[in-house]
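The lines below spell out each chain.
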Amino acid sequence: MEGTKPVNKKLAAALSGGAVLAMALSACSSGDDNSEKLDAWAKEVCSAVQPQAKKIEAANTAIQKQTSDNSTPEDVQKTDSQAFQDMAEAYKAIGAAVQKAGAPDTGDDAKNAEKKQQDAVKELNSLAASYASLQKQVDDLNTKDQAKFADGLKDIATALDKLSTSGNDALRKLEEGDVGKAMAQQESCKSASAAPSAAPSATTG
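Here we summarise the structure given alongside this text. Please read these numbers as outputs of a predicted model, since none were measured by experiment.

**So, the packing of aromatic side chains**
With the rule as written, the count across this model stands at two aromatic pairs. Look at Tyr 91 and Tyr 131: their rings are 5.5 Å apart centre to centre, the planes differ by 10 degrees, and that puts the pair in the stacked class. Separated by 40 residues along the polypeptide, Tyr 91 in helix H3 (residues 73–101) and Tyr 131 in helix H4 (residues 110–139) bring together distant segments of the chain. Given a relative accessible area of 2%, Tyr 131 falls into the buried group. Ring-pair connections join several aromatic residues into one group, and the members of that group are Phe 84, Tyr 91 and Tyr 131.

Written out as structure tokens, the structure reads:
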């Protein structure tokens, strides 16, 4: 029978592995041949991403901290619930920002660019809904029964692990080519890409 602490470590590991918001930015190569329109798009999106990346980083850190203390189930529940809520809100805000920015002007097929943008928005909204669902699961856990609470956390860690590996294909597609180059040039995107790596990675998402 596992106690709360080791199980919450699994939760933190799954969470750090699923730092989806890297938005592939750290992999972006920089270039300087982008159009003004594309640069303006990248600036708008990156400026919106930066504060949300910090919010997600803080949520990651909060969950990590609960693994290093002999936290009570109540403490763990409260922290994890708030962290999932923050992450849900952050992904929703990023989705809204990408929606508001419109399709990036890459000089390619406009319909294709729009599809990539809309797919990324759907993916971000889906992530937001998933974290909101995890928050509800945490809130519903029985903190009075240590064994049941640990089992419940284990289920959440499993769901989180799946979430981290189901990943961000649509975001990656949105950031292919010139879009990624334009985003890599934005200072706010550079700092956003560094945010998720602050959590020690125990799995790779």
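**Here's the deal with the side chain of Asp 86**
With respect to the element layout, Asp 86 can be found in helix H3. Despite its burial, Asp 86 pairs with no opposite charge, the nearest such side chain being Lys 55 at 4.7 Å.

**Considering H3**
Taking 1.5 Å of rise per residue, the 29 residues of H3 would be expected to cover 42 Å, and the 42 Å separating its terminal C-alpha atoms lies within 8% of that figure. Once H3 finishes, Gly 102 follows within two positions and takes phi at roughly 80 degrees, a positive value.

**A word on the pattern of salt bridges**
Enumeration according to the criterion identifies eight salt bridges in this entry. When the shortest N-O distance is used, the salt bridge between Asp 105 and Lys 37 registers 4.0 Å. Highlighted residues: Asp 105 in the loop between H3 and H4 and Lys 37 in helix H2 (residues 36–68), separated in sequence by 68 residues. Asp 105 gets classed as partly exposed once you look at its relative accessible area, which sits at 33%. Residue Asp 140 pairs with Lys 136 through a salt bridge whose shortest N-O separation is 3.0 Å. Asp 140 gets classed as exposed once you look at its relative accessible area, which sits at 54%.

**A closer look at the nonpolar core**
Within the largest apolar cluster, 40 residues are counted, with the highest numbers of intra-cluster contacts made by Trp 41, Phe 84, Tyr 91, Tyr 131 and Met 183. In this structure Trp 41 touches Ala 101, Gly 102, Ala 103, Pro 104, Leu 174, Val 179 and Met 183, once residues within four positions along its chain are discounted.

Rules of the game
Residues numbered from 1 in each chain as written. Predicted model: local features only at pLDDT ≥ 70, side-chain atom pairs only at ≥ 80, totals over all residues. Heavy atoms only, no water. Phe/Tyr/Trp six-rings, centres within 6.5 Å; stacked < 30°, edge-to-face > 60°. Helix = DSSP H or I, 4+ residues; strand = E, 2+ residues; numbered from the N terminus. Buried < 20%, exposed > 50% of the residue type's maximum accessible area, 1.4 Å probe, protein only. Lys, Arg positive; Asp, Glu negative; His and termini not counted. Salt bridge = Lys/Arg side-chain N within 4 Å of Asp/Glu carboxyl O. Expected span 1.5 Å × (residues − 1). Core = buried A, V, L, I, M, F, W, Y, C linked by side-chain atoms within 4.5 Å. Contact = heavy atoms within 4.5 Å.

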